[in-house]
Amino acid sequence: MNRLHAPLFEALVRHYETGPVSFHVPGHRFGQIDEEGQSIEKNWLSTIMKLDVTELSSTDDLHHPETFIAEAQKLAARCFGAEETYFLVGGSTSGNLALILGVCEPGDLIIVQRNVHKSVINGLRLAGARAVFLMPRIDDETGLATQPSLEDIEQALELYPEAKAVMLTNPNYYGMTTNLTSCAELVHRFNKLLLVDEAHGAHYGLHPSFPQSAIQAGADAAVQSTHKTLSALTMGAMLHVQGERIPRDSIREVLAAIQSSSPSFPIMASLDIARVMVDRYKSDWFQPGVATAQAFREWIEDADGALKVLRAGHKTEAYDKLDPLRIVLWDRTGTITGFELQKKLEGYGCWAEMADTRHVVLVWGSRTTDDDRFKLQDACAHIEQWIMSQPAKSGATKVSDGFYPGNGTPSQLKPVEFSRKKKEHHRIPLTDAEGCESAEMVIPYPPGIPVIYPGETLTNEMIGCISTLAATGAKFQGAVDNTMRTIAVYSR
Ligand SMILES: Cc1ncc(COP(=O)(O)O)c(C=O)c1O
């Protein structure tokens with residue numbers, strides 16, 4: 001297999017260049033929109049539409065790959081160190097759903113960390129699974145939640161020999177990463193599956209400064225959002241598997257059920273292209289981004305002003321390594337929240353990935369340039385000046401440190417039953433909801449980690465967290481009342 005070509009992308013180009021007469025979907029027929037003029041729509045869309053075809057003998061079929069998609073997936077598996085790779089056109093969301101539905105039948109038990117993306121909770125609900133939730137470790141410096149400890153995982157495995165798998169999220173949204181080698185050994189000692197939501201780590205293992213990937217660490221399956229940190233189009237993701245334990249047929253069957261029967265060829269071709277860039281340039285592909293991210297960190301540290309970043313290579317009890325391409329920035333004087341800092345950066349044309357009550361997360365691309373860095377530094381310098389001109393504050397505690405699911409609570413180790421069954425519920429003021437079972441998911445987005453899921457009991461901390469997030473400008477998904485003044489709870 002020639003690793004330096006992109007078989008699917010090239011097949012699509014070849015097909016278009018034969019001047020095919022289309023008597024098939026999609027209806028735009030290689031971009032035949034606005035034939036008369038050079039409209040803005042045509043200018044923007046027609047190039048991509050040339051690659052947007054359907055399952056033909058010259059293109060292949062994602063749900064029964066035999067030629068170009070099969071080869072592109074094999075090349076991806078080789079590049080990312082897996083035995084088999086499935087292209088996903090519905091993001092890591094579809095990969096997480098496929099893993100849970102592929103591994104769990106109704107009533108099956110799975111050990112999961114509590115601070116997971118909503119797709120994992122939705123997977124549990126769709127599967128009708130039971131989950132034993134493990135609480136994450138909390139980083140002292142930032143108050144951010146990472147992964148559960150090995151001891152907690154071992155205790156859950158001992159208590160629940162019937163568990164089908166352990167599912168972890170690594171890295172977290174802030175780039176905090178745990179080396180999973182010991183975890184994979186532990187989970188395999190119990191003859192269970194280790195499934196990893198590695199949505200933010202598609203680039204892991206591909207540059208000497210990056211953490212090891214989940215597959216390299218020995219996980220049975222890992223889901224990666226190729227669109228997040230490599231160069232695929234949005235929704236382009238991959239599910240990598242290895243070893244004998246993982247039920248591949250069952251996962252394939254679920255993927256065919258939950259993904260469109262008309263998966264996007266441009267998205268699949270972009271996965272092929274994201275992979276070939278790595279095979280072609282190897283770690284050099286990431287070098288510009290790694291260098292400029294490091295330079296930015298040094299600039300902030302040398303300036304020693306109001307803004308602070310997490311140090312790359314930093315290691316705490318809560319995680320082993322920080323993704324060099326993820327910058328977590330905050331105002332150490334506590335004058336402005338993360339949401340306000342994000343807004344101020346936008347005022348200077350710098351758009352961050354996400355914010356919380358305290359931090360801003362900047363996703364550094366593999367090709368982020370010095371020009372990009374200088375613009376960001378300029379913005380930071382102006383924002384620092386503004387912060388210093390504000391009345392003195394007495395430290396970072398001025399701004400709420402926020403709540404992260406599992407913050408401070410020990411693991412319950414009691415299975416939670418998930419189902420899609422609706423129960424009687426009513427709406428009450430959030431402030432009166434302590435001790436009630438929530439009837440809805442409340443999901444600050446991003447990061448998309450539910451603060452509460454249906455059936456979970458609302459604590460004072462959760463109510464405080466939701467109120468603080470709402471007051472400081474967080475956006476929510478899942479809840480009917482976006483202001484978060486009220487919440488739906490199950491009627492007793
Ligand atoms: C940890 C985690 N898992 C899964 C997802 C879902 O990824 P996608 O947007 O590719 O569906 C996200 C999205 O942000 C995420 O943060």
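Residues numbered from 1 in each chain as written. Predicted model: local features only at pLDDT ≥ 70, side-chain atom pairs only at ≥ 80, totals over all residues.

A.B. asks: Before we move on, could you go through the site of the ligand and cite the residues and values that matter?
C.D. replies: Taken together, 15 residues are adjacent to the ligand, and Gly91, Ser92, Thr93, His117 and Ala199 come closest. With four residues, the single largest contributor to the shell around the ligand is helix 4 (residues 91-103). (Near = placed C-beta within 6 Å. Helix = DSSP H or I, 4+ residues; strand = E, 2+ residues; numbered from the N terminus.)

A.B. asks: Requested: an account of the packing of helix 4 against helix 5 (residues 118-127), with residues and values cited.
C.D. replies: A pair of packed helices can be characterised by two numbers: the angle between their axes and the separation between those axes. Packing of helix 4 against helix 5 leaves a shortest axis separation of 8 Å and a crossing angle of 35 degrees. Remark: the crossing between helix 4 and helix 5 carries right-handed chirality. Two secondary-structure elements touch here, helix 4 through Ser92, Thr93, Asn96, Leu97, Ile100 and Leu101 and helix 5 through Ser119, Val120, Asn122, Gly123, Leu124, Leu126 and Ala127. For the contact of helix 4 with helix 5, a count of residues per class yields seven nonpolar, six polar and no charged. (Axes fitted to C-alpha atoms, helices over the stretch in contact; angles between N-to-C directions. Left-handed = near helix turned anticlockwise from the far one by under 90°. Contact = placed C-beta atoms within 7 Å. Nonpolar A, V, L, I, M, F, W, Y, C, P; charged D, E, K, R; others polar.)

A.B. asks: Could you give an account of helix 12 (residues 287-303), naming the residues involved and the relevant values?
C.D. replies: Taking 1.5 Å of rise per residue, 17 residues should cover 24 Å, and helix 12 covers 24 Å from first to last C-alpha, within 8% of that figure. Gly289, Val290, Thr292, Ala293, Phe296 and Ile300 are the residues of helix 12 that are buried. Along its buried surface, helix 12 packs onto strand 9 (307-309), strand 11 (326-331) and helix 14 (370-388). Remark: Asp304 follows helix 12 within two positions and exhibits a positive phi of approximately 50 degrees. (Expected span 1.5 Å × (residues − 1). Buried ≥ 20, exposed ≤ 12 C-beta atoms within 10 Å, placed from the backbone.)

A.B. asks: Please set out the sheet that holds strand 11 residue by residue, giving values where relevant.
C.D. replies: Pairing within the open sheet is antiparallel, and its four strands lie in the order 9-11-13-12. At either end of the open sheet lies a strand with only one pairing partner, and these are strand 9 and strand 12 (354-355). Relative to strand 11, strand 9 runs antiparallel, the two being bridged by three bridges. When the bridges of strand 11 are listed, Lys308 appears paired with Trp330. Running over the sheet, helix 12 touches strand 9 and strand 11 and is turned about 135 degrees from strand 9. (Pairing = 2+ DSSP bridges.)

A.B. asks: Outline the domain arrangement of the protein chain, supporting the account with residue identities and numerical values.
C.D. replies: Here the protein chain is partitioned into domain 1 (285-398) and domain 2 (422-490). Domain 1 puts five residues into the contact, and the matching count from domain 2 is seven residues. Residue classes in the side of domain 1 that touches domain 2 are distributed as two nonpolar, two polar and one charged. (Domains from an automatic or database assignment.)

A.B. asks: Explain the nonpolar core to me, and be specific about the residues and the numbers.
C.D. replies: Core analysis: the biggest nonpolar cluster contains 146 residues, and Leu8, Ile100, Ile110, Leu195, Ala219 and Met268 have the highest contact counts within it. In terms of residue count, helix 11 (residues 265-281) provides more of this core than any other element does, eight residues in total. Residue contributions to this core reach at least three from each of two domains, namely domain 1 (285-398) and domain 2 (422-490). (Core = buried A, V, L, I, M, F, W, Y, C linked by C-beta atoms within 7 Å.)

A.B. asks: Requested: an account of the environment of Lys164, with residues and values cited.
C.D. replies: Tracing the backbone shows Lys164 in the loop between helix 6 (150-159) and strand 4 (165-169). Of the residues examined, Lys164 has 20 C-beta atoms within 10 Å and is grouped as buried. Along the primary structure Lys164 and Lys423 are separated by 259 residues, whereas in three dimensions their C-alpha atoms are 28 Å apart. Other than its neighbours up to four places away in sequence, Lys164 contacts Val103, Cys104, Asp108, Leu109, Ile110 and Leu193.

A.B. asks: Just give me the short version of the packing of helix 1 (residues 7-17) against helix 3 (residues 68-79), but keep the residues and values in it.
C.D. replies: The N-to-C vectors of helix 1 and helix 3 enclose an angle of 150 degrees; their axes lie 7 Å apart at closest approach. Judged by the angle between their axes, helix 1 and helix 3 are roughly antiparallel. Judged by residue contacts, Pro7, Leu8 and Ala11 of helix 1 engage Phe68, Ile69, Glu71 and Ala72 from helix 3. Tallied by class, the residues present in the contact of helix 1 with helix 3 amount to six nonpolar, no polar and one charged. (Parallel < 35°, antiparallel > 145°, perpendicular 65-115°, else oblique.)

A.B. asks: Outline the sheet that holds strand 14 (residues 416-417), listing residues and values.
C.D. replies: If you walk across this open sheet you meet the eight strands as 1-8-7-6-4-2-3-14, and the pairing is mixed. Because the sheet does not close on itself, it has two edges, and the strands there are strand 1 (84-88) and strand 14. With two bridges connecting them, strand 3 (residues 130-134) and strand 14 associate as antiparallel partners. Looking at the pairing, Arg130 lines up with Glu417 of strand 14. Taken strand by strand, helix 4 contacts strand 1, strand 2 (109-113), strand 4, strand 6 (193-197), strand 7 (221-224) and strand 8 (237-241), and its axis lies near 155 degrees from that of strand 7.

A.B. asks: Hey, could you go over the pairing of strand 11 for me, with residue numbers and the actual values?
C.D. replies: For strand 11, the buried fraction is high: six of the six residues fall into the buried class. In terms of strand pairing, strand 11 meets strand 13 (residues 359-363) through five bridges, oriented antiparallel. Residue pairing in the sheet places Val328 in a bridge with Val361 of strand 13.

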